[in-house]
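Structure at a glance
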Amino acid sequence: MSLLALRPLLVRQRSLSLSLLRYTRPLPSLVCRYSTGNAPNHSSKSLSAGSDRIDVSTDVRPIGERVKENTKTASYMGVILLGVGVTGMLFYVIFWELFSSDSPNNIYSEALERVKEEPRVKDALGAPIKGYGEETRRGRRTRVAHTQYVKDGVEYIRMQFHVQGFRNRGTVHLEKRKTDSGGYEYRYLFVQLDYNPHSPIILEDNRLQQDAMRSAASPMPQPFL
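We now turn to the structure provided with this report. (Residues numbered from 1 in each chain as written. Predicted model: local features only at pLDDT ≥ 70, side-chain atom pairs only at ≥ 80, totals over all residues. Heavy atoms only, no water.)

We now examine the pairing of strand β3 (residues 154-164). Across three bridges, strand β1 (residues 130-132) lies against β3 in antiparallel orientation. Bridge pairing in β3 places Lys130 opposite Gln164. Strand direction decides the pairing type here: strand β2 (residues 145-151) and β3, joined by seven bridges, are antiparallel. Bridge pairing in β3 links Tyr149 to Tyr156. Joining the antiparallel neighbours β2 and β3 is a turn of two residues, in which Asp152 adopts a positive phi near 55°. Two elements, β3 and strand β4 (residues 169-178), share nine bridges in a ladder whose sense is antiparallel. Counted as the bridge partner of Met159 is Leu174 from β4. Where β3 hands over to β4, the hairpin turn is made up of four residues, counted between the paired strands. (Pairing = 2+ DSSP bridges. Helix = DSSP H or I, 4+ residues; strand = E, 2+ residues; numbered from the N terminus.)

Given below as structure tokens:
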């Protein structure tokens, strides 16, 4: 067969190939467009599902461990509250000791001033006079010894401390009772001299008067019939 006879067949085959290429070229773009168009739907569904599960607890520890941690936290809170309570009590005691007129520290200070200003004590001990508490074996001076007690519904405080001048030394003895008004008054206050203990210097002695008033105020016993 000559080339002139094959030419129409070649032209027809070429046009058919071009037509096939024209119809088959958009397929990849359609596939890509379809895939990209459906992708946001899947991602939005996954995001919504994730947002729905966001309130789920992430604490996967055992129950025993969580209970142990809660117990430890509660014990820490208890220790903190106990410390706050103890600190408050300490502040209250310190405030009472320093600022209350009826505290042992202020009773000691007031009695010491009275003893230091007494002319008989100055002559016996020699001014200036200083006061101090009990002495230990090593010569250290501790706090002033005092005792608080209740008798017949009345509060008492008894105290003892030492005084020293440039000549002699002595021991101060005092006792106070609480009155109906809430204050304290002396029952006795005297200085016992070390060189003459049987002749104390008495500054206050109201025991007989107070005991007589208390006996008069107490009701008389009813006769037994």
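Of all hydrophobic cores here, the largest spans 23 residues; its most connected members are Met159, Phe161, Val163, Leu174 and Val191. For this core, the secondary structure elements donating two or more residues are α4 (104-117), α5 (119-125), β3, β4, β5 (184-193) and β6 (201-205). For Val163, the contacting residues outside a window of four places in its chain are Leu112, Val115, Leu125, Ile129, Lys130, Gly131, Tyr132, Arg169, Gly170, Val172 and Val191. (Core = buried A, V, L, I, M, F, W, Y, C linked by side-chain atoms within 4.5 Å. Buried < 20%, exposed > 50% of the residue type's maximum accessible area, 1.4 Å probe, protein only. Contact = heavy atoms within 4.5 Å.)

Attention shifts here to α4. The terminal C-alpha atoms of α4, which comprises 14 residues, lie 20 Å apart, in line with the 20 Å expected from a rise of 1.5 Å per residue. What α4 keeps buried is the set Pro104, Ile107, Tyr108, Ala111, Leu112 and Val115. Seen along its axis, α4 keeps its buried residues to an arc of 130°; they face one direction. (Expected span 1.5 Å × (residues − 1). Arc of directions from axis to C-beta.)

Now for the packing of aromatic side chains. Following the criterion strictly, the structure yields three aromatic pairs and no others. Aromatic side chains Tyr149 and Tyr156 sit 5.2 Å apart centroid to centroid with 10° between the ring planes, which places their arrangement in the stacked category. The class of Tyr149 is partly exposed, set by a relative accessible area of 25%. Aromatic pair Tyr188 and Phe190: ring centres 5.8 Å apart, planes at 35°, arrangement tilted. With relative accessibility at 11%, the residue Tyr188 sits in the buried group. Between the NZ or CZ atom of Lys176 and the centre of the ring of Tyr186, over which it lies, the distance is 4.4 Å. (Phe/Tyr/Trp six-rings, centres within 6.5 Å; stacked < 30°, edge-to-face > 60°. Lys NZ or Arg CZ within 6 Å of the ring centre and 35° of its normal.)

Turning to a nonpolar patch on the surface, a few remarks are in order. A cluster of nonpolar residues, Met77, Ile80 and Val84, forms a patch on the protein surface that exposes about 300 Å² of accessible area. In this fold, Met77 is placed in helix α3 (residues 63-99). (Patch = residues over 30% accessible without salt bridge, like charges linked within 9 Å, V, L, I, M, F, W, Y side chains within 5 Å. Areas by Shrake-Rupley, 256 points an atom, 1.4 Å probe, with all protein chains shown as cover. Salt bridge = Lys/Arg side-chain N within 4 Å of Asp/Glu carboxyl O.)

Two side chains that carry opposite charge are able to pair once their charged atoms sit near each other. Under the definition given, this model contains eleven salt bridges. A salt bridge links Glu110 to Lys176, with the shortest nitrogen-to-oxygen separation between them at 3.9 Å. Linking Glu110 in helix α4 with Lys176 in strand β4, this pair joins segments that are 66 residues apart in sequence. When its relative accessible area of 33% is taken as the criterion, Glu110 is described as partly exposed. Residue Lys176 is classed as buried on the basis of its relative accessible area of 9%.

To continue, consider the environment of Lys122. Mapped onto the secondary structure, Lys122 falls in helix α5. According to the relative accessible area criterion, Lys122 is partly exposed, its value standing at 32%. As for Lys122 and Gly165, which are separated by 43 residues in sequence, their C-alpha atoms are 7.8 Å apart. Apart from the residues lying within four places of it in its own chain, the contact partners of Lys122 are Lys116, Glu117, Ala127, Ile129 and Arg167.

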